[in-house]
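Coordinate analysis (summary)
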There are 2 protein chains.
Amino acid sequence: MSTSTAIGGPLQARSAPSTGAARRSSTEPDPAVLRSLEALCRRRGLGSLAERIGDLAELVRWDMAEVETALRSLPRSERAVHRGAHHLLDQGGKRLRPLCVALAARMGTGFSEAARELGVAVELVHCATLLHDDVVDDGEQRRGAPAARTIYGNAASIFAGDWLLVHALQRVRRTGIDGTLDRLLTIIDEMIAAESLQLESRGQLDLGAERYFAVVEGKTAALFRWAMYAGAKAGGATETEAKALESYGDHLGVAFQLVDDLLDYGGDADTTGKALFADLREGKATHPLILARERDPQVEGLVRTVLENDGDDAALAEAHALLAAAIEGCGAIDDCRALAGEHARLAVEALEPFTDGPAKTALITVARATVHRER
Amino acid sequence: MSTSTAIGGPLQARSAPSTGAARRSSTEPDPAVLRSLEALCRRRGLGSLAERIGDLAELVRWDMAEVETALRSLPRSERAVHRGAHHLLDQGGKRLRPLCVALAARMGTGFSEAARELGVAVELVHCATLLHDDVVDDGEQRRGAPAARTIYGNAASIFAGDWLLVHALQRVRRTGIDGTLDRLLTIIDEMIAAESLQLESRGQLDLGAERYFAVVEGKTAALFRWAMYAGAKAGGATETEAKALESYGDHLGVAFQLVDDLLDYGGDADTTGKALFADLREGKATHPLILARERDPQVEGLVRTVLENDGDDAALAEAHALLAAAIEGCGAIDDCRALAGEHARLAVEALEPFTDGPAKTALITVARATVHRER
């Protein structure tokens, strides 16, 4: 166990607040994403999952509030690099990676200043990749708002990504928690390789499943793996325990990406905060499309119609609708969500060696809820 | 002293080869840039400086060959991220920052595997910034060849920069030399802030000297500072000694940038490997222009003529020639080189506390030669 930290004195692990009273009396921040997911599950008649999401929100509300405060307390200035970064950070986001850090820490000795710092760092690395990705993909929208690069320019978005990355590494470094920095550098290396693979696969709509999953593993699952590992180490986990939690993160990440990809075809732009069919437009073949192309010979032509549209909005809307219907109709969306469900199950399975408790229950809830999310 | 390393076993400090015999018998790689600088000094009648550059080249030839081998041994693959990075690395370059690491290490216990790794790292960080800068500036040429982004695309150039940065940090981390990683992260943070400041100052051709030097300090001098610090620590220097060598790096960096900036107006494109007037084209006011605008009221109009040229190559060549003549004519180039000379003097002054020896002589030579360089 190596949980000493250089940040603001010794660590103080905090236990979960007692739920009932805290929930009623508190007027403090609430993880908004979890609450909307809770409401969604209720609407869908998934009452017991809704209940568990409520408990989860209660368990981590203070942890997540601390992460949020720290994210908003990053240096600000009139400099475009800072403004571009804060523009993205201020949009909020699911903060699912910091949530993983918090819960992994709570599987051990609890949430702490070090866990908070690692949670902040993982979100910063994630945001750094978004800032660079938006430049690479000419992204217009991000988290329901104009992408930073559309306001501050591509150059500022590149530097802002560089800045957040360096800032994240500094924070991880300062926690002094053994293994976290080395592993994060390795993970970022994997992320870059996966982004590069995705870049080169652009326009290859006949991309095989193998290559698709290689991209998913590197660009998404890798950072979830690190979030769980880092949180585990902050909570004093042994290497064996940390590895089990890493495996949870790995499967959660794949499930998360699968749902992300299906929402691009079958989601609602107002809910997701992203323009639909973005992957297709960027020439990225994702799992729903890969499945649909195998199953429905019409999909090929519909894709071509979408890609060859030269600015006729009405025709494009119709082509989108037909393509979405074809992908939905051949069961690709359902099967994609089912595969996400299978990865969620494997994530839960990875928790088996651990004794039951609120953090374990919460992690199980996160895995299950990820499959049902609509944003 | 903390010179243990995790890379390939214990450190073996090597002393300088005895010059005379080694120089005659060896057929091993030669630091090409130093040799061309030596020849230049001879042509200019600076015989004793030429002689010293020869000694310097001899002193570090094996160190630099090791750095070069390591740089070329970075993972290669068909991936654009790797090809883009190697495209730049394979162009060579002055390798002045690794040279600083090597000489700073030789001020102490000598060049070692750790020093080599730190030398590789500093060059990788430098190359990472070049890859991102070329995207930011729409750079076409770099080191006399097409910029990586013109071959592999902007996206690959961004990821390649990210990759080199992470790879550099991993190498520094693995040396385990106290303070080097933390300080490098801080330095990169400074570099990003300076790049951002430069970005926002674009098009402000009335940029004051203060802001210009703030940019120079962050974007150039900072990394030279780190090179000297890192080399010093690898050579077992005390913090006080390391700080003195940092001060050398700081002044050397400013001198280097001043010469870079004057070569953009008064250099020879074939020699520098860069298109001339690039700074002006990118809207960057540098010291020669700042001086010339103060001194010669015609400069303002000549600048406007250059910037407003709409593709008439002959007119542009004439405007360039007139502007270059005006900047030269008012003494701005000479004064810029004189200021570089003053910083070189301050760099040498920072070495005063150290006892004389081949490494100290070499550092003095580097500072003096930097002022005379033509590429």
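Here is what the cut-offs are and how they apply
- Residues numbered from 1 in each chain as written.
- Chains lettered and ligands numbered in written order.
- Predicted model: local features only at pLDDT ≥ 70, side-chain atom pairs only at ≥ 80, totals over all residues.
- Helix = DSSP H or I, 4+ residues; strand = E, 2+ residues; numbered from the N terminus.
- Buried ≥ 20, exposed ≤ 12 C-beta atoms within 10 Å, placed from the backbone.
- Contact = placed C-beta atoms within 7 Å.
- Nonpolar A, V, L, I, M, F, W, Y, C, P; charged D, E, K, R; others polar.
- Expected span 1.5 Å × (residues − 1).
- Arc of directions from axis to C-beta.
- Axes fitted to C-alpha atoms, helices over the stretch in contact; angles between N-to-C directions.
- Parallel < 35°, antiparallel > 145°, perpendicular 65-115°, else oblique.
- Core = buried A, V, L, I, M, F, W, Y, C linked by C-beta atoms within 7 Å.
- Least-squares fit on C-alpha atoms with pLDDT ≥ 70 in both.
- Left-handed = near helix turned anticlockwise from the far one by under 90°.
- pLDDT = per-residue confidence, 0-100.

Turning our attention to the overall build of chain A. Helix and strand counts for chain A stand at 17 helices and two strands. Counting only C-alpha atoms and orienting by the principal axes, one finds that chain A spans roughly 60 × 50 × 40 Å. Out of the 375 residues in chain A, the part that is buried amounts to 54%. Long-range contacts, defined as pairs at least 24 residues apart, comprise 75% of the intrachain contacts of chain A with a sequence gap of at least 6.

Quick look at the interface of chain B and chain A now. Each partner contributes to the interface: chain B provides 28 residues, whereas chain A provides 28 residues. Residue assignment for the side of chain B that touches chain A shows that the elements contributing at least two residues are helix H4 (80–89), helix H6 (113–136), helix H7 (148–175) and helix H8 (180–200) of chain B. With 12 residues, H8(B) is the largest single contributor of residues to the side of chain B that touches chain A. Here the side of chain B that touches chain A is built from residues that sort into 18 nonpolar, three polar and seven charged.

On to helix H2 (residues 32–43) of chain A. Residue and element names in this part refer to chain A. Along its 12 residues, H2 runs 17 Å from first to last C-alpha, staying within 8% of the 16 Å computed at 1.5 Å per residue. Among all positions in H2, only Val 33, Leu 34, Leu 37, Glu 38 and Cys 41 are buried. Buried residues in H2, looked at end-on, bunch into an arc of 140°, giving them a common side. Exposed and facing more than 90 degrees away from the buried side of H2 are Ala 39 and Arg 43. At its buried positions, H2 is contacted by helix H3 (47–72) and helix H17 (358–372). The first or second residue beyond H2 is Gly 45, which carries a positive phi of 75°.

Another aspect to go through is the packing of H7(B) against H8(B). When two helices pack together, their arrangement is given by the angle between their axes and by how far apart the axes lie. Residues and elements named next belong to chain B. Running from N to C, H7 and H8 cross one another at 155°; their axes reach a closest spacing of 8 Å. On the basis of the axis angle, H7 is roughly antiparallel to H8. Two secondary-structure elements touch here, H7 through Leu 169, Val 172, Arg 173 and Thr 175 and H8 through Thr 180, Leu 181 and Leu 184.

What follows deals with the nonpolar core. In this structure, Leu103(A), Ala255(A), Leu103(B) and Ala255(B) are the most contacted members of the largest nonpolar core, which totals 248 residues. Excluding residues that lie within four positions of it along the chain, Ala255(B) makes contacts with Ala340(B), His343(B), Ala344(B), Ala347(B), Ala367(B), Thr370(B) and Val371(B).

Right, let's talk about the environment of Arg173(B) for a bit. Relative to the assigned elements, Arg173(B) resides in helix H7. For Arg173(B), a count of 20 C-beta atoms within 10 Å gives the class buried. Along the sequence, Arg173(B) and Glu117(B) sit 56 residues apart, while their C-alpha atoms lie 9.8 Å from each other. Filtering out sequence-adjacent residues up to four positions away, Arg173(B) remains in contact with Leu181(A), Asp182(A), Leu185(A) and Leu181(B).

This paragraph deals with the relation of the copies chain B and chain A. The transformation that overlays chain B on chain A combines an axial shift of 0.0 Å with a rotation of 180°, and the residual RMSD is 0.0 Å. Here the transformation between the copies is reduced to the relation of a two-fold axis. A share of 100% of the interface residues of chain B reappears at the interface of chain A, consistent with the copies meeting face to face through the same patch.

Attention now moves to the packing of H4(B) against H6(B). All names here are of chain B. Between H4 and H6, the shortest axis-to-axis distance is 10 Å and the interhelical angle comes to 110°. Classified by the angle between their axes, H4 and H6 sit roughly perpendicular to one another. H4 and H6 meet at a crossing whose hand is right-handed. For the pair formed by H4 and H6, the contact residues are Gly 84, Leu 88 and Leu 89 on the first element and Cys 127, Leu 130 and Leu 131 on the second. Classifying every residue of the contact of H4 with H6 gives five nonpolar, one polar and no charged.

Turning next to the confidence of the model for chain A. Overall, the predicted model of chain A reaches an average pLDDT of 88, with 91% of residues at or above 70. As scored by the predictor, the complex reaches a pTM of 0.87 and an ipTM of 0.85.

Moving on, we get to unusual backbone geometry. Residue and element names in this part refer to chain A. Phi is positive for Arg 95, close to 55°, though the residue is something other than glycine. On the secondary structure map, Arg 95 appears in the loop between helix H4 (80–89) and helix H5 (96–106). Positive phi is not limited to glycine here, since Phe 277 has a value of about 60°. By the secondary structure assignment, Phe 277 is in the loop between helix H11 (269–272) and helix H12 (278–281).

Turning to H6(B), a few remarks are in order. Since there are 3.6 residues in each turn of an α-helix, residues three or four apart along the chain are aligned in direction. Residues and elements named next belong to chain B. Taking 1.5 Å per residue as the helical rise, H6 with its 24 residues ought to reach 34 Å, and the 35 Å between its terminal C-alpha atoms agrees with that figure. Taken across its 24 residues, H6 has 24 buried, putting it largely inside the fold. Of the residues flanking the end of H6, it is Asp 138, one or two places downstream, whose phi is positive at about 50°.

Locating Ala114(A) in the fold gives a position in helix H6 (residues 113–136). Residues Ala114(A) and Gly235(A) lie 121 residues apart in sequence; the distance between their C-alpha atoms is 9.0 Å.

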